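# Structural overview for review
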Amino acid sequence: MGLIAVPSPTQTSTPFQTTANPQLEIRGGRRLSGELEVSGAKNSALVLMAACLLTRDTIRLRNVPPLTDIAAMGEMLGSLGGRVVRHGDALELNGDAINNSTAPYELVNSLRASFFCIGPLLARMGMAKVPLPGGCQIGTRPVVEHVKGLKALGAQVTIEHGVVTAVVPGRGHRLTGGRIHMDCPSVGATETLMMAAALADGETVIDNAALEPEVVDLAGLLIAMGAKVRGAGTPTITIVGVDRLHGADYAVIPDRIEAGTFLLAAAITRSHLRVAPVIPEHLGAVLTKLEEAGCTLEHDGIGLTLKADHLNAVDLRTQPFPGFPTDLQAPFMSLLATAKGTSVITENIFENRLQHVAELQRMGAAIRMQGNTAFVEGVSRLSGAPVQGTDLRASAAMVLAGLAAEGITTVRGLEFLDRGYANLEGKLNAAGACIERVNAPGSSASIAA
Ligand code: EPZ
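Definitions and cut-offs
- Residues numbered from 1 in each chain as written.
- Predicted model: local features only at pLDDT ≥ 70, side-chain atom pairs only at ≥ 80, totals over all residues.
- Heavy atoms only, no water.
- Helix = DSSP H or I, 4+ residues; strand = E, 2+ residues; numbered from the N terminus.
- Rg over C-alpha atoms; globule rule 2.2 N^0.38 Å.
- Buried < 20%, exposed > 50% of the residue type's maximum accessible area, 1.4 Å probe, protein only.
- Contact = heavy atoms within 4.5 Å.
- Areas by Shrake-Rupley, 256 points an atom, 1.4 Å probe, with all protein chains shown as cover.
- Lys, Arg positive; Asp, Glu negative; His and termini not counted.
- Charge placed at Lys NZ, Arg CZ, Asp CG, Glu CD.
- Pairing = 2+ DSSP bridges.
- Axes fitted to C-alpha atoms, helices over the stretch in contact; angles between N-to-C directions.
- Near = heavy atom within 4 Å.
- Polar contact = N/O pair within 3.5 Å; in protein donor to acceptor, adjacent residues only side chain to side chain.
- Nonpolar A, V, L, I, M, F, W, Y, C, P; charged D, E, K, R; others polar.
- Domains from an automatic or database assignment.
- Salt bridge = Lys/Arg side-chain N within 4 Å of Asp/Glu carboxyl O.
- Expected span 1.5 Å × (residues − 1).
- Buried area = accessible area lost by both parts, 1.4 Å probe.
- Parallel < 35°, antiparallel > 145°, perpendicular 65-115°, else oblique.

### Some points on the overall build of the protein
For the protein, the helix and strand inventory stands at 14 helices and 23 strands. Its C-alpha radius of gyration of 22 Å places the protein within 12% of the 22 Å reference for a compact globule of 449 residues. Structurally, the protein occupies a C-alpha span of about 70 × 50 × 45 Å along its principal axes. A buried classification covers 58% of the 449 residues belonging to the protein. Within the protein, residue pairs in contact and separated by at least 24 positions form 75% of the contacts whose partners lie at least 6 positions apart. Counting only carbon and sulfur atoms, one obtains 52% of the accessible surface of the protein, whose full area is about 17100 Å². If you average the places of the 37 positive and of the 42 negative side-chain charges in the protein, the two averages end up 1 Å apart.

### A look at the sheet that holds strand S13 (residues 248-251)
Reading across the sheet, the four strands line up as S4-S5-S3-S13 and stay open at both edges, with mixed pairing between neighbours. Two strands lie at the open edges of the sheet, namely strand S4 (83-87) and S13, each paired on one side alone. For this sheet, the mean inter-axis angle between neighbouring strands, taken without regard to orientation, is 15 degrees. With four bridges joining them, strand S3 (residues 58-62) and strand S5 (residues 90-94) adopt antiparallel strand pairing. Paired with Arg60 across the strands is Glu92, a residue of S5. Lying over the sheet, helix H1 (residues 42-50) contacts S3, S4, S5 and S13, oriented at roughly 175 degrees with respect to S3. On the sheet, helix H7 (residues 213-224) packs against S3 and S13 and is oriented at approximately 160 degrees with respect to S13.

### Observations concerning the site of the ligand
Surrounding the ligand, one finds 22 residues, the nearest of these being Arg112, Glu145, Ser186, Asp327 and Ile349. A distance of 2.7 Å separates an oxygen atom of the ligand from a polar side-chain atom of Ser186. At 2.8 Å, a backbone N or O of Val187 approaches an oxygen atom of the ligand. In the complex, the protein chains occlude 85% of the 830 Å² of accessible area that the ligand would expose alone. Listing elements by their share of the shell around the ligand, those giving two or more residues are H1, helix H5 (144-152), helix H6 (187-197) and helix H12 (392-404). Residues of the shell around the ligand, tallied by class, amount to 11 nonpolar, four polar and seven charged. Shared between two domains, the shell around the ligand holds at least three residues of each, these being domain 1 (22-38 + 254-448) and domain 2 (42-248).

### A few points about the pattern of salt bridges
Enumeration according to the criterion identifies 21 salt bridges in this entry. Close ionic contact of Glu214 with Arg256 constitutes a salt bridge, the shortest N to O distance being 2.8 Å. Remark: Arg256 occurs in helix H8 (residues 256-268) and Glu214 occurs in helix H7; sequence separation between them is 42 residues.

### Concerning the sheet that holds strand S18 (residues 342-346)
An order of S17-S18-S20-S19 is seen for the four strands of this open sheet, with the pairing classed as mixed. Every other strand in the sheet has two partners, leaving strand S17 (316-317) and strand S19 (366-370) as the edge strands with one partner each. As paired elements, S17 and S18 share two bridges and run parallel to each other. When the bridges of S18 are listed, Arg317 appears paired with Thr346. Against the sheet, helix H10 (residues 329-336) engages S17, S18, S19 and strand S20 (373-377), with an angle of about 170 degrees to S18.

### Thoughts on H8
Within an α-helix, residues lying three or four positions from one another point in the same direction, as the helix has 3.6 residues per turn. With 13 residues, H8 should reach 18 Å at 1.5 Å per residue; the first-to-last C-alpha distance of 18 Å fits that figure. The buried fraction of H8 amounts to 13 of the 13 residues, a majority that puts the element mostly inside the structure. Among the residues of H8, the N-terminal cap falls to Asp255, whose side-chain oxygen and the backbone nitrogen of Ile257 are separated by 2.9 Å. One or two steps after H8, the chain reaches Arg270, where phi turns positive at roughly 55 degrees.

### Quick look at the domain arrangement of the protein
Splitting the protein by domain gives domain 1 (22-38 + 254-448) and domain 2 (42-248). A straight line from the C-alpha centre of domain 1 to that of domain 2 covers 31 Å. The partner domain 2 presents 19 residues to the 23 residues of domain 1 that form the contact. Where domain 1 abuts domain 2, roughly 1700 Å² becomes buried across the two surfaces, and 52% of that area is made up of carbon and sulfur atoms. Scanning the region where domain 1 abuts domain 2 turns up two salt bridges. Linking Arg419 and Asp69 is a salt bridge whose minimum nitrogen-to-oxygen distance equals 2.7 Å.

### Overview of the environment of Ile223
Inspection of the secondary structure puts Ile223 in helix H7. A C-alpha to C-alpha distance of 44 Å links Ile223 and Glu359, two positions 136 residues apart in sequence.

### Regarding the packing of H8 against H10
Any two packed helices are characterised by how steeply their axes cross, that is the angle between the axes, and by the distance between the axes. Running from N to C, H8 and H10 point in directions that differ by 5 degrees, and their axes come no closer than 9 Å. On the basis of their axis angle, the class for H8 and H10 is roughly parallel. Along the contact surface, H8 presents Leu264, Ala267 and Ile268, while H10 presents Pro331, Phe332, Ser334 and Leu335. Residue composition of the contact of H8 with H10, by class: six nonpolar, one polar and no charged.

What follows is the structure, encoded as structure tokens:
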């Protein structure tokens, strides 16, 4: 069972040096130029990997980013009997030898997206035991919609001792198509239920489905595997179950959140920079807000070129797609901390996704909080300081703030950052940034293997 080996930035250093507590040291105030390359979408690739459980054939996924989350999902699939092998930027996944329907706690606990395996596992094996993913820094992350939907497809679902056990009763243990109305357009629940319904007996209709591009990407893979899926990207998705699905060769869409992060890196350093590839429709709300703030944007069919000079305040309210994405709220706040005027930023998706405010304040940002709303008064210059990333996107926000700040900013929390950005400092340095991955003082500089 070949597992994917994902080189992380720390593993590209000298073979005997283990960075016990790495941090990024950023020398701010430099303009960027040239181009930033966007990798494949993490939040699509993770779900597409889970779809390999639905078939005995091999699935080849191209444009898969080398991230720690991707390696963790590979480990999850390996623990179920799957085989995942990386060939450059492609993954070959084979679910033929799936022999276990119980997912290990430590893997689900470390990677929430692995909970989405419950749908395809149940459809394939007729039963699945998956630990509750639990909460994280940004919120409680419930899975009520996932469980409710599986029950609507005929599964008997119990939750005991933190483990969700789903069983399909009756002969053949096959799920039955049904109507599912979601109380909230959960991305993960929509994806989980699409995969479960793909092999169910009969038709499934998912109402109030999530509209995110990653949902549409999953539908693209399922259709390439022989599934009958209509309406992905609209609030109503219809899936007519089939008896079996076959292998496919499929390219993951570009990562719209990484692309947005790079556009914000250009804007916060007041640079002229190209970001590619970008699908503008995947970032509509973000591009509108960048232009409202005073950036000029030009799409050349593949990439987006951003120019930024004097920037002004804009108001943001995070919403499900196509509204402003919660994943870019923190990175955009870093930009607005340097724009002229006062911006009002409201986080409506997650109950605890404003922890980066305190870190930005350490850098001189003038931000006042009121519940889930931040009033950000732009300052002429942030000042470099030691800061901590508290989740994946907050860590990226701190890197962006460091690019613009006067002096040195050291960013800790790279265990979060490396989950969602492949070699961020390498890409930014190639465009003119000055970032170094070092050991935090007081940590053992190098441990002989
Ligand atoms: C996906 O998480 C993404 N992760 C998240 O990206 C992203 O922030 C989120 O969608 C929203 O866009 C992956 O795709 C792996 P949700 P997911 O279920 O599916 C509530 C990143 O930084 N909700 O759409 O877990 C929930 O509490 C990560 O890349 C319920 O109330 O998100 C939250 O407030 C972070 N009941 C909101 O919906 C439920 O049963 C969105 O959750 C399920 C969710």
